[in-house]
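# An overview of the molecular structure
So the chains spell out like this:
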Amino acid sequence: METAMLLWVLVVLLIVVGLAGTVLPALPGTAFILGGILLGAWIDDFQRVGTGILVVIGTLAVLAWVTDYVAGLLGAKKAGASRLALVGAAIGTVVGLLMGIVGVLFMPLVGAAVGEAIARRREPDRAGVGRQAVKVGVATWLGMMVGMLAKLVLSFMMIGLFIGALVT
């Protein structure tokens, strides 16, 4: 009885850490949620959370990963971002982790803008470069925020399906 209780506590912890990971880029949030759900299904011998539900939840997890990745790229591509802008957004994300939630939310924008400015530094129209860098930064950031929101919604759907299967 004691072991089962500890395992259920681990399930809850994995899911909570996973939810945090949907907004903190350093944590693979969806993977933690999926791991917690799989552990919960296993604890219950897959009686209430069976293969069908797990396939749907796994599909939602893959969709969350793909959406998160593609949304940022589409935002950047729509604005005509260079490869350096994408690298800058990634570096900005990592630096932002050291700065708390404000850094996590806004440093990717700064990183993308700086990367774009560096990529276009040899262009003669300095004002045009600055405008393009800001445009790319904002578009990349918006794409990342849309991806994060979609990942959060999909994560809650995964958790809802899991809880629904457990209580029925």
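Let us look at the structure shown here. Computed from a prediction, not measured in an experiment: that's the story for all the values here. (Residues numbered from 1 in each chain as written. Predicted model: local features only at pLDDT ≥ 70, side-chain atom pairs only at ≥ 80, totals over all residues. Heavy atoms only, no water.)

### Comments concerning the packing of helix α1 (residues 2-21) against helix α2 (residues 29-43)
Helix packing geometry: the angle between the two helix axes and the distance between the axes. Two numbers describe how α1 lies on α2: the axes approach to 7 Å, and their chain directions differ by 160°. It follows from the interaxial angle that α1 and α2 lie roughly antiparallel. Note on packing geometry: the crossing formed by α1 with α2 is left-handed. For the pair α1 and α2, contact is made by Leu7, Trp8, Leu10, Val11, Leu14, Ile15, Val17, Gly18, Leu19 and Gly21 and by Gly29, Phe32, Ile33, Gly35, Gly36, Ile37, Leu39, Gly40, Trp42 and Ile43, respectively. Its residues assigned to classes, the contact of α1 with α2 comprises 14 nonpolar, six polar and no charged. (Axes fitted to C-alpha atoms, helices over the stretch in contact; angles between N-to-C directions. Helix = DSSP H or I, 4+ residues; strand = E, 2+ residues; numbered from the N terminus. Parallel < 35°, antiparallel > 145°, perpendicular 65-115°, else oblique. Left-handed = near helix turned anticlockwise from the far one by under 90°. Contact = heavy atoms within 4.5 Å. Nonpolar A, V, L, I, M, F, W, Y, C, P; charged D, E, K, R; others polar.)

### Some words on the pattern of salt bridges
Once their charged atoms are close, side chains differing in charge can pair, the charge on each being opposite to the other. This model, assessed by the stated rule, comprises one salt bridge. Across the salt bridge formed by Arg48 and Asp44, the nearest N and O atoms sit 3.1 Å from each other. Classification of Asp44 as buried rests on a relative accessible area of 16%. (Salt bridge = Lys/Arg side-chain N within 4 Å of Asp/Glu carboxyl O. Buried < 20%, exposed > 50% of the residue type's maximum accessible area, 1.4 Å probe, protein only.)

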